[in-house]
Amino acid sequence: MALAGAVEAHYKQLEQAWRVSDRSDVYDRLVVPNGNSTDPFHRWFHLKEAFSSRLLGQVISDTGLKRRDSLRILDCFSGSGTTAVSASELAQDYAGGIHVEAIEHNPFLHLVSAAKSHACLADAETAERLRRASEEVIEAASRSSEKLRVPGLSTFSREKYFEPDDLRELVSLRDAVASLEPGLIKELALLAAAACVEPASRLRRDGRALRFSPNRNPRKPREEFQRRISMMVEDIKGSPFQNASSIIHQGDGRRPRDYVSSREFDLVIFSPPYPNNIDYTEVYKMEAWYLELFVDEGSFRQHRLATVRSHPSVKFAESYEYLTSDHSGDVEELLDPLLSAIPKDRYATGRKQIVRGYADDMLQVLRQSRSLVHDEGKLAFIVGNSVHGNGESSFVIAADLIMSRLAELAGWRVDEIKIARTLFRRGVASPFLRESIVVLSPNLAAGGNRSSNPTAADRHQPSRSTDQNNRSR
Ligand SMILES: C[S@@+](CC[C@H](N)C(=O)[O-])C[C@H]1O[C@@H](n2cnc3c(N)ncnc32)[C@H](O)[C@@H]1O
């Protein structure tokens, strides 16, 4: 208890340096995928960890970027492509348009992001070609007599999860789509087929895992595929989007400089994996194995090893770049109270790795982003804090505060920590259990991207947090 108390005291002290305000009136519905299951394009695949299709517009207004003629935006953790699709919708208001570059590591989610954002700019003729291609796919799938290439993931071979007839339909759909010419139509058909996998099973995504739902009535894959294609055709035909462009890179969002080089971005916006043990590789594994994006355990594991160190599903190498940087002392000072509060049980090693690994990864992305944003630009990140451990020995990882301090080390100034919503966990009462959106500006005094090491006095600006202490928890 005393150790958890020391962590909370550490957080309180950190927080004093910044403006922290309760903005749940505006943001509580924007940091969750509110609207995404009904809005055109967004509705094609439900990513339950996505932010709202309406968040980007709010951030652009709040940061004053709305007044520009054109915008260049970078999202280092694209997920389902919410940023790129939302930007296409907003681009009509900008004479010079909006260009988005986004990065996603997961091969299936990369496909989701790319297909959606490219389709936003497609025309009615493309929609018609998609409709015709889907009819051919369904026709080919229904007469397929080839031996089935069942995905290598054992989940697919368990009859309690997939009825054999449904599995056959799913696999024949995939194989029929695979024979289409490479291009947007094929991307869309692959996405539509993969989006049928969960509905055609007795599994559902729940938090960190897939759960067996014995009473669920699986949907028929070909009907579901047809339904999804019709939705795509309708959205593409109804889209008036122009003035937008996007490039979705498949790769490591911690190193955006590997994909984009110039210092031209007006806004970097991202929601990284939260340090809450969710492993995206696991949660979205069925779709990736179904599309044969993973073919064996080796490729699956290799993929996991390059994800943000926010989960203990794989043993990451104990390698931390901050240790050899100018900031090693500052980062250790930031993390030490937290590392000391980790209970000495069998989870201790994994938890320490998350705390160190996550900080190391976030420092990397914040530093690299700094070198890609011009001096009047902004960075906004959305992150949730999480509880680890049980009862008396539980402690909170306040990712919003840890990342804010890392941002300072990376050459940013914290404009504001906006608390978007308070999170509730049974038996845990902490004012730091929350999801926030943090807005940063380049710290020009720190010399842009160069190593910056503000002193405590530099950091302390009078806190204008009027409502922070009045929040009800
Ligand atoms: C919170 S989600 C982003 C959701 C996104 N904002 C949306 O609205 O769909 C975090 C994403 O980071 C991805 N990710 C994890 N490690 C990554 C890495 N090293 N590089 C790029 N993306 C990564 C995950 O696959 C996941 O899609």
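Residues numbered from 1 in each chain as written. Predicted model: local features only at pLDDT ≥ 70, side-chain atom pairs only at ≥ 80, totals over all residues. Heavy atoms only, no water.

J.: Any chance you could explain the overall build of the protein here in plain terms?
T.: Secondary structure assignment for the protein yields 16 helices and 12 strands. Relative to the globule expectation of 23 Å for 473 residues, the C-alpha radius of gyration of the protein, 23 Å, shows essentially globular dimensions. Seen along its three principal axes, the alpha-carbon backbone of the protein occupies a region of about 70 × 55 × 40 Å. For the protein, restricting intrachain contacts to residue pairs at least 6 apart in sequence, the fraction spanning at least 24 positions comes to 80%. Of the roughly 19900 Å² that the protein leaves accessible, carbon and sulfur atoms contribute 46%. Charge centroids of the protein, computed over 64 positive and 65 negative side chains, lie 3 Å from each other. (Helix = DSSP H or I, 4+ residues; strand = E, 2+ residues; numbered from the N terminus. Rg over C-alpha atoms; globule rule 2.2 N^0.38 Å. Contact = heavy atoms within 4.5 Å. Areas by Shrake-Rupley, 256 points an atom, 1.4 Å probe, with all protein chains shown as cover. Lys, Arg positive; Asp, Glu negative; His and termini not counted. Charge placed at Lys NZ, Arg CZ, Asp CG, Glu CD.)

J.: Would you take a moment to explain the sheet that holds strand S6 (residues 244-250) for this structure?
T.: Two strands in a sheet stick together by hydrogen bonds in their backbones, pointing the same way (parallel) or opposite ways (antiparallel). The strand order S1-S11-S12-S8-S7-S2-S3-S6 describes an open sheet built from eight strands, whose pairing is mixed. With one partner strand each, in any of the chains shown, strand S1 (20-22) and S6 form the two edges of the open sheet. Direction aside, the axes of adjacent strands within the sheet are offset by 15 degrees on average. Strand direction decides the pairing type here: strand S8 (residues 373-384) and strand S12 (residues 434-442), joined by six bridges, are antiparallel. What sits directly across from Gly-384, in S12, is Glu-435. Contacting strand S2 (70-75), strand S7 (265-270), S8, strand S11 (412-422) and S12, helix H3 (residues 55-62) runs over the sheet at an angle of about 135 degrees to S7. (Pairing = 2+ DSSP bridges. Axes fitted to C-alpha atoms, helices over the stretch in contact; angles between N-to-C directions.)

J.: Please explain the site of the ligand as it appears in this structure.
T.: The environment of the ligand is formed by 26 residues, the closest being Ser-80, Thr-82, Glu-104, Asp-252 and Gly-253. Contact distances for the ligand include 2.6 Å between an oxygen atom and a side-chain N or O atom of Thr-82. A distance of 3.5 Å is found between a nitrogen atom of the ligand and a backbone nitrogen or oxygen belonging to Gly-251. Here the ligand has 610 Å² of accessible area as a free molecule, and 99% of this is covered by the chains. (Near = heavy atom within 4 Å. Polar contact = N/O pair within 3.5 Å; in protein donor to acceptor, adjacent residues only side chain to side chain.)

J.: Looking at this structure, how should I read the packing of aromatic side chains?
T.: The geometry of an aromatic ring pair is captured by the separation of the ring centres together with the interplanar angle, meaning the angle of the planes. Using the criterion set out here, one finds 14 aromatic pairs in the structure. Taken together, the ring pairs in this structure connect Phe-45, Phe-108, Tyr-280 and Tyr-284 into an aromatic cluster. Directly above the ring of Tyr-290 sits Arg-174, whose terminal nitrogen or CZ lies 5.9 Å from the centroid. Sitting over the face of the ring of Phe-300, Arg-304 holds its NZ or CZ atom 4.6 Å from the ring centroid. (Phe/Tyr/Trp six-rings, centres within 6.5 Å; stacked < 30°, edge-to-face > 60°. Lys NZ or Arg CZ within 6 Å of the ring centre and 35° of its normal.)

J.: Would you explain the packing of helix H13 (residues 328-340) against helix H14 (residues 348-370) in this entry?
T.: A pair of packed helices is characterised by two quantities: the angle between their axes and the separation of those axes. In contact at an axis separation of 10 Å, H13 and H14 are set at 155 degrees when each is read in the N-to-C sense. Of the possible angle classes, the one that applies to H13 and H14 is roughly antiparallel. Between H13 and H14 the crossing geometry is right-handed. Facing H13, whose interface residues are Val-331, Leu-335, Leu-338 and Leu-339, H14 presents Lys-352, Val-355, Arg-356, Ala-359 and Leu-363. (Parallel < 35°, antiparallel > 145°, perpendicular 65-115°, else oblique. Left-handed = near helix turned anticlockwise from the far one by under 90°.)

J.: Hey, could you run me through the packing of helix H7 (residues 164-178) against helix H9 (residues 221-237) in this one?
T.: For the pair H7 and H9, the least separation of the axes is 8 Å and the interaxial angle reads 45 degrees. Considered as vectors, H7 and H9 are oriented oblique to each other. For the pair formed by H7 and H9, the contact residues are Asp-166, Glu-169, Leu-170, Leu-173 and Val-177 on the first element and Pro-221, Arg-222 and Phe-225 on the second. When the residues that make up the contact of H7 with H9 are grouped by side-chain class, the tally is five nonpolar, no polar and three charged. (Nonpolar A, V, L, I, M, F, W, Y, C, P; charged D, E, K, R; others polar.)

J.: Help me understand unusual backbone geometry, please; the structure alone is not making it clear to me.
T.: With glycine set apart, most residues show a phi of negative sign, and most peptide bonds adopt trans. Non-glycine residue Asn-243 carries a positive phi angle of around 65 degrees. Within the fold, Asn-243 resides in the loop between H9 and S6. Phi angles above zero are rare outside glycine, and Glu-292 is one such case at about 60 degrees. Following the sequence through the fold, Glu-292 ends up in the loop between helix H11 (285-290) and helix H12 (297-305). Residue classification places Glu-292 among the partly exposed residues on the basis of a relative accessible area of 32%. (Buried < 20%, exposed > 50% of the residue type's maximum accessible area, 1.4 Å probe, protein only.)

J.: Honestly, the pairing of S7 in this entry has me stumped. Any pointers?
T.: One face of the sheet, then the other: side chains in a regular strand alternate in exactly this way. In terms of residue burial, S7 counts as a mostly covered element, since six of its six residues are buried. Relative to S8, S7 runs parallel, the two sharing five bridges. Within S8, the position partnered with Phe-270 by the bridge is Phe-381.

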